[in-house]
Every structure is written in structure tokens, then in C-alpha cells.
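Fold and contact review
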Amino acid sequence: MAAIALRCRLPAVQVTVVRSREIGIIGVGEGSTASLSDFLHRYLRIPPKQFFEIAQPTWKLGLKFIWGSRPYFNYTFNPLQLDGKPAGLRRVKAFYCDDVMEYEDPMSALMTHDRIFERRPAGDPAIHITLAYHFENEKFVRYLEAYALALGVRILDDTVSHVEQDETGIRTLRLASGQSQDAELFVDCSGFVSLLLGKTLGVPFVSFENSLFCDRAVVGGWDRTDEPIHPYTTCETMDCGWCWQIEHEARINRGYVYSSAFISDDEAEREFRGKNPKVGPTRIVKFVSGRYRQCWVKNVVAIGNANGFVEPLEATALGAIAQQSRTLADTLVDGDCVVTDSARKHYGLYHGRYWDAIRDFLAIHYRFNTRLDTPFWRECRQRTDLAGAEAVLEVYRDNGPSFLFSATLLDPADQFGMSGYLALLVGQKVPHRAMHRAHESELKAWEALRQRHRDAALRAMTVKQALDAIRSPMWSWERPER
């Protein structure tokens, strides 16, 4: 993704990727947010037709949370999920969701009924490219590699055996094949190893362990049979963490994210299989949530897991890579490939705040999940550090689910917006002191709105129907893009 962004925006610059097939693909993080779709199709101009043929994604409207005291609640990627005052309502929609948080938003209604797109008058799906995706990582990487090669990116299959540095940063990469690679700028995409930024330059790591206690995942899945393809990622509360379900067309991917301080790997495996008897072979992925203090030092800029990582709750990993890649390319374009100290500094400050905002948002999920009363969840409710989200909670406690102070509460680097925070606070039924006593006329208007959303969802297409439609010889990708 980083190589493609640089090559697209700076076609005269030589871009070389050194990658080792021995390291392989981590195989998790197969869900995304809408920011990735914007990056792929608008920023990189990747054609949807080609992308769907090779990467074979399915669409994602949001996340279904089996979380908190409600049977479930939907968190959609619509910034107006709980905002807005439809006709007949005196307050924003969030104030009417105390008892039932369902059908408040068209996307949430689609999620509830396993539908993805409304139908056009001719019966075909009203597809747009502003949704998120699920995809299998190997297919996604295969597509990106072919696209990068077509743009003129040079790809070396090799392994870095030694790194040489001088006062300017990294001077040379010595490779296992005996070759060496010099460059003016090194982009560290070495994953958790953080070979250049962390290991070689020794940039300190900032842990998020006070907010995010989970540090492992047991990952598995099974081939799809008659299960519907859900247009969302499922996040289900488990005894010592939570379990994801990601929807591929021919396969279902499941993973249990847990804290090794509260459960052993073997115990986690047993709990995971007890909930998911169809799961085949599994593997354990270990991780640490946090970020490096600086992400651009001298002539090294780190992207993705080499810069930071948070557990896969909210599927932020690919969106973070997209944002970092975009900002890097824009910085080089803006400075005509001359990078100043202040540009490096503020690139790092922005992306540091970006990671911190993800940490803040995820902390809300743990602090208020009352679904299970296990030692792990009691610890989360008592000790989770909300960090930058404390101010949001204070205003929510006093004023209810109001959008009024969004501009002063949230950092511009916060991708979730007040809508995201309120969806989690209202969804988990976090109490506040601003209950709204709705008039009977308001309740009637609210129910009428919910019914309209429900009726529209029932007329919409399933994911399977939409996939069949785009594979039809009659389909054209020219119409639906917007």
C-alpha cells in the first residue's frame, strides 16, 4: 500500500520493495473501515471492477456488538447513525435509543436483516464505493503486488541480514542474497519487528497496556456452507476478551482476542472451540498494543505494525496504513521530495495522535461492557484507563448523547467522531443525567421513522445477490461509483 501510494503520486521516483516470503502474511486484520475504500478507489484510483475480480472482497456496513446489557447493538459507519433531528423529534436520535437501539439508521436496519444495498428501479443493486470491506489477506496482497508491479514498483524477494547506519540514518541494507540496497528514504514496513525504527534506531515504544489488556489471539475458521454472508463484522464478548467473525464469500474467519494474564492459550482454545464447533486448525498470534514515540526519524518512516498496533477491535489496522501512506506521499509531493525537520516532526505528531485516539476509543469498549461478570471484565470495568476519552465521558454523563461539543472534545486526528463514541456509550447503556421525556407525538414520529428504515431494509439485496449482480455480463461499474 505504501509503495503504490508513493508510485502513484510520485511517478518519477524509484520505489523498491524488499520483502521476504519466509515471513509470510499475518492472516488477521481482514476487516476494514470506509477510510480504506476511499484510499483504494479515490486516492490510488484502483478500479473497483479489477479489485473485485482479484481481491474478491465482500462489503461491510459496520460492526454488530454482542456486548453490554442489550441483546446486541449495531455500530455503523454512517456518521449520522445517532445524529440528526428527523421531522417530529425535538432531540437528536440518540436520545430515543434508551430502551431500543434498532432501526434508528438505514445502515443499521440493513445489518439487522442481512441486506447490503437498496435496489434501483430496474432491480439491480445501488452499489457505491463508500463502504468498508472484508477480504482474505492473501488475495488482497496478491492484488496489491500485481498492481504495484504494473506501476513500475521493483520487488525484491530477499531478507535483510544487516543494517548499516550513519549520522543521517540508515545508509545500506545488506541482504541475505549478498546484494545491498541504498536509498534516500527507507519506509519500515517490517511489522512487529520494526527492524529499522525500533531495533536499529532505538526509538522508544509507548505501551497502551493500561487501557488495552488483551495481548493474544487464537485464530481459526471454516468453509462456509449455508450460513448467510453478514454485511458486518461480529464482535462477541468472551470470558477473557472477545471474538470476531469476518465474512468471506466462501469462508468464515473467527478469532478470540484475549488477555494471557487471565487465561492460558489452551483454555482460550477450549473456550473458542466450545463457541465455534466448526473451527478447523488454529494458531496463536501474540501482540503488544502501543506505538513508537516517533514514526519518522532521520531518513526512516515506519508504517503499519512497525509504527504501532492495537488489537483488531474496530478493524483499524488497514485504515491506519492507508492514512500513513497517504500522508507520507502528500508530504513528499508538497515538499517536492525535500523533507524538512518540521515536516518530519508534525507527520509524527499527527500519527501519534491518530494512534492515541484509537486507544481512547477502544478503551470505551472495555470500561463499560457489563455483559459478563468474569475476573477479566471486572478488571476492565475497574481499571481501564480511558486516557483522552475521559473528557467525552464527562460531557456525556452531564449532557447525555449530545453532539454539541464535538469540536472541543475530539482531536482532528480522531477518525471515529462523536457519532462513534455515542454509538458505543448508548449501545452499552452507559447512564447519564439528561434523560429526555419524549412527547407522545415524538414517540409516534420515532416509531414511524424506524418502520420506514425496516421496510426499506427488507426490500434491499443480500450480499450474495449483490455479488451475483456485479458478476453478471450486464453489469457496468460506470454507474454505481460515487
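Relevant structure appears above.
Before going into details, it helps to say that this report is about the structure given with it. (Residues numbered from 1 in each chain as written. Predicted model: local features only at pLDDT ≥ 70, side-chain atom pairs only at ≥ 80, totals over all residues. Heavy atoms only, no water.)

Regarding the side chain of Arg-19
- Mapped onto the elements, Arg-19 comes out in strand β1 (residues 16–19).
- In this structure the side chain of Arg-19 is engaged in a polar contact, spanning 3.1 Å, whose partner is the side chain of Glu-145.
- At 2.4 Å, the side chain of Arg-19 forms a polar contact with the side chain of Asp-157.
- Setting aside its immediate chain neighbours within four residues, Arg-19 contacts Glu-145, Ile-155, Leu-156, Asp-157 and Asp-158. (Helix = DSSP H or I, 4+ residues; strand = E, 2+ residues; numbered from the N terminus. Polar contact = N/O pair within 3.5 Å; in protein donor to acceptor, adjacent residues only side chain to side chain. Contact = heavy atoms within 4.5 Å.)

Here's the deal with empty space enclosed by the protein
- Here the structure, examined in full by the defined rule, presents one cavity of 30 Å³ or more.
- One number sums up the size of the largest cavity: a volume of about 30 Å³.
- Along its surface, the largest cavity is lined by Val-392, Val-395, Tyr-396, Gly-400, Ser-402, Leu-409, Met-418 and Leu-422.
- Contributing elements (two or more residues each) for the lining of the largest cavity: α11 (390–399) and α13 (417–427).
- Looking at which element gives the most residues to the lining of the largest cavity, the answer is α11, with three residues. (1 Å grid on protein atoms, 1.4 Å probe; cavity = no way out; pocket = protein on both sides within 12 Å on 5 of 7 lines; lining within 4 Å. Points joined across faces, edges and corners; volume = space filled by probe spheres on them.)

With respect to the packing of aromatic side chains
- Per the counting criterion, the structure on display carries 34 aromatic pairs.
- Relative to Tyr-258, the ring of Tyr-256 lies with its centre 5.4 Å away and its plane at 55°, an arrangement referred to as tilted.
- Its relative accessible area of 0% is what places Tyr-258 among the buried residues.
- A ring pair is formed by Trp-296 and Tyr-347, whose centres lie 5.1 Å apart and whose planes are at 90°; its orientation type is edge-to-face. Placement of the pair is Trp-296 in strand β18 (residues 296–297) and Tyr-347 in helix α9 (residues 341–367), with a sequence separation of 51 residues. (Phe/Tyr/Trp six-rings, centres within 6.5 Å; stacked < 30°, edge-to-face > 60°. Buried < 20%, exposed > 50% of the residue type's maximum accessible area, 1.4 Å probe, protein only.)

Comments concerning the nonpolar core
- If you look at the biggest cluster of nonpolar residues, it comprises 75 residues, and the most contacted ones within it are Phe-65, Leu-82, Tyr-256, Tyr-366, Tyr-421 and Leu-425.
- Among the elements that take part in this core, α9 stands out by supplying eight residues, more than any other.
- Residues Leu-6, Leu-36, Ile-116 and Leu-131 belong to the second largest nonpolar core, which totals 56 residues. (Core = buried A, V, L, I, M, F, W, Y, C linked by side-chain atoms within 4.5 Å.)

Some remarks on the layout of surface pockets
- Within this model, the second largest pocket holds a volume of roughly 450 Å³.
- Lining the second largest pocket are 22 residues, and of these Tyr-75, Phe-77, Gln-415, Phe-416 and Gly-417 lie nearest its centre.
- Class assignment of the residues belonging to the lining of the second largest pocket gives a composition of 10 nonpolar, 10 polar and two charged. (Nonpolar A, V, L, I, M, F, W, Y, C, P; charged D, E, K, R; others polar.)

Side note on the sheet that holds strand β20 (residues 308–309)
- Strand order in the open sheet formed by three strands is β11-β17-β20, and the pairing between neighbours is antiparallel. Pairing within the sheet leaves two strands with one partner each, and these edge strands are β11 (205–207) and β20. (Pairing = 2+ DSSP bridges.)

Section: the pattern of salt bridges
- The final tally for this structure, using the stated rule, is 33 salt bridges.
- When the shortest N-O distance is used, the salt bridge between Asp-223 and Arg-251 registers 3.2 Å. Here Arg-251 lies in strand β15 (residues 251–258) and Asp-223 lies in strand β12 (residues 216–223), a separation of 28 residues in the sequence.
- A residue is classified by how much of its surface remains accessible, and Arg-251, at 28% relative accessible area, is partly exposed.
- The residue Glu-390 makes a salt bridge to Arg-367 at a minimum N-O spacing of 3.8 Å. Of this pair, Glu-390 sits in helix α11 while Arg-367 sits in helix α9; the two residues are 23 residues apart in sequence, bridging distant segments of the chain.
- What makes Glu-390 partly exposed here is its relative accessible area of 35%.
- When salt bridges with common partners are traced through the structure, they connect Arg-19, Arg-21, Glu-145 and Asp-157 into a single cluster. (Salt bridge = Lys/Arg side-chain N within 4 Å of Asp/Glu carboxyl O.)

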